[in-house]
Amino acid sequence: ATFAAGMVGAQTYPERPVNLVVPFAAGGPSDAIARLVGQSMSGTLGQQLVVESVGGAGGTLGAARVARADPDGYTLLIAHVSLAAGETLYPNLTYDTATAFAPIGMINQGPMVLLARKDFDAPDAATLIQRMKEGGEDISVGHAGVGSNSHLCAVLLQNAMDAKFTLAAYQGTGPAMNDLMAGSIDVMCDQSTTAIPQLEGGTVKGYAVTSADRLEALKDLPALQELGLDGFDFTIWHGLYAPAGTPPEIVETLNAALQVALDDQKIVDRFAAVGTAPFPTDQRSPAAHDEKLQAEIATWQRVLGNQAE
Ligand code: MLT
């Protein structure tokens, strides 16, 4: 009887709105990706994906909420690199990152952009790097909490520049961007998805991209590698998750709706305009997503193992 009930549930899923947890503040890059992809998936599934922002502790509070939710397909998580890095950086997580989730599929990947407040005294990236090296703790760098992409970028910059800045934590780069625009912090790395609209609006200054290569959408900005930060190569990704134990039929239904979104030319074009890209089709299955998550947990353990509390 339980089996039959489960089958009926999977066939009629979803019967009501689905909660999509964004583990960072509204107005940031994760929120932007969630809304874009969520809108398309809502259309495909015939039920609304309702975005709920649960910020704090570098994304681990929102992840914990989803890890302990009923595995019925009605609570999902959009998460990125911080999910993998959190396993190393937060020794007291309430969930085991490697096993607490049912990966649904990879979403997008793209670089971050090194930004400074508009009136920061640096005409180009080489000068900004020089000023950051000399300034050390006098330079304030905003980020979205320990383990977030913007925080990892700041840590990688500190290592590459052999400097220590004053790091300022926010619940997301949305609110951090507001302070960068207001000039109350000096520098931030933000994902291209939210950095590019700000650069187009002229509210902050853009200096370099964090990927090994230049970005088509920001051709004038050098890669950090071109500026003497040898080997600097940071590309971020987002993926969609359900709690572990979610019926495979539901995971497949969600994966199929995600594929529709990522094959939608309007979304592909919108992604390209803000410097990010859908994962290639052959890397978007739940199994490929799980492989990516496990590999990223290992990568960040290697990079950050000496930085855990
Ligand atoms: C956000 O949505 O605020 C970002 O994804 C945070 C980050 O990782 O920098």
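Since the structure is predicted, the reported quantities are computational estimates derived from the model, not experimental observations. All residue numbers here refer to positions counted from 1 along the written sequence of the relevant chain. Reporting of local features is limited, given that this is a predicted model, to residues whose pLDDT is at least 70; pairs of side-chain atoms are given and counted only at 80 or more, and all residues count toward the totals for whole chains, interfaces and linings.

J.: Outline the confidence of the model for the protein, supporting the account with residue identities and numerical values.
T.: Looking at any residue, its pLDDT shows the predictor's confidence there, from 0 to 100. Put simply, the protein has an average pLDDT of 95, and 96% of its residues get 70 or more. For this predicted complex, the interface confidence comes out at an ipTM of 0.98, alongside a pTM of 0.94.

J.: Give a description of the packing of helix 2 (residues 29–45) against helix 9 (residues 248–263) that names residues and reports values.
T.: Here an angle of 0 to 180 degrees is reported between the N-to-C directions of two axes, which are lines fitted to C-alpha atoms, with helices fitted over the stretch in contact. Working definition: helices are DSSP H or I runs of at least four residues, strands are E runs of at least two. Numbering for both runs from the N terminus. Two elements in contact, helix 2 and helix 9, have axes separated by 9 Å at closest approach and are oriented at 125°. By the angle between their axes, helix 2 is oblique relative to helix 9. Judged by the sense of rotation from one axis to the other, the crossing of helix 2 with helix 9 is right-handed. Where helix 2 approaches helix 9, its residues Val-37, Ser-40, Met-41, Thr-44 and Leu-45 are matched on the opposing element by Ala-257, Leu-258, Val-260 and Ala-261. Looking at side-chain class alone, the contact of helix 2 with helix 9 contains seven nonpolar, two polar and no charged residues. Should an angle lie under 35 degrees it is considered roughly parallel, over 145 roughly antiparallel, and from 65 to 115 roughly perpendicular; all remaining angles are considered oblique. When the near helix sits turned anticlockwise from the far one by under a right angle, the crossing is termed left-handed; a clockwise turn instead gives a right-handed crossing. Residue pairs are scored as contacts if the distance between their C-beta atoms, which are placed from the backbone, is within 7 Å. Any residue outside Ala, Val, Leu, Ile, Met, Phe, Trp, Tyr, Cys, Pro, Asp, Glu, Lys and Arg is labelled polar, Gly included; the first ten of those are nonpolar and the last four are charged.

J.: Explain the site of the ligand to me, and be specific about the residues and the numbers.
T.: As a rule, any residue with its backbone-derived C-beta atom within 6 Å of a molecule or strand is reported as near that molecule or strand. Around the ligand, the surrounding shell holds 15 residues, and the nearest of these are Gly-28, Ser-30, Asn-149, Ser-150 and Gly-172. If you list the elements that add at least two residues to the shell around the ligand, you get helix 2, helix 6 (149–161) and helix 7 (173–182). For the shell around the ligand, the element with the highest residue contribution is helix 2, accounting for three residues. Residues belonging to the shell around the ligand are distributed by class as follows: four nonpolar, 10 polar and one charged.

J.: Please set out unusual backbone geometry residue by residue, giving values where relevant.
T.: Each neighbour pair has its own omega, and for Tyr-13 with Pro-14 the value is -5°, a cis peptide bond. The phi angle at Ala-57 is positive, at roughly 50°, despite the residue not being glycine. Mapping Ala-57 onto the fold places it in the loop between strand 2 (49–53) and helix 3 (60–67). The class for Ala-57 is buried, based on 21 C-beta atoms found within 10 Å. Exposure classes come from backbone-placed C-beta atoms, where a residue is buried if 20 or more other C-beta atoms lie within 10 Å of its own, exposed if 12 or fewer do, and partly exposed in between.

J.: Account for the pairing of strand 3 (residues 75–80), naming residues and giving values.
T.: Counting buried positions along strand 3 gives six out of six residues, so the element sits mostly inside the fold. The alternating pattern of strand 3 places Thr-75, Leu-77 and Ala-79 and Leu-76, Ile-78 and His-80 on opposite faces, both of which are buried. In this structure, strand 1 (residues 18–22) lies alongside strand 3, joined through three bridges in parallel fashion. Within strand 3, the residue paired with Val-21 across the bridge is Leu-77. Taken together, the four bridges between strand 3 and strand 9 (residues 235–243) define a ladder with antiparallel strand orientation. Bridge pairing links Ile-78 to Leu-240 in strand 9. Note on pairing: two strands pair once DSSP finds at least 2 bridges between them.

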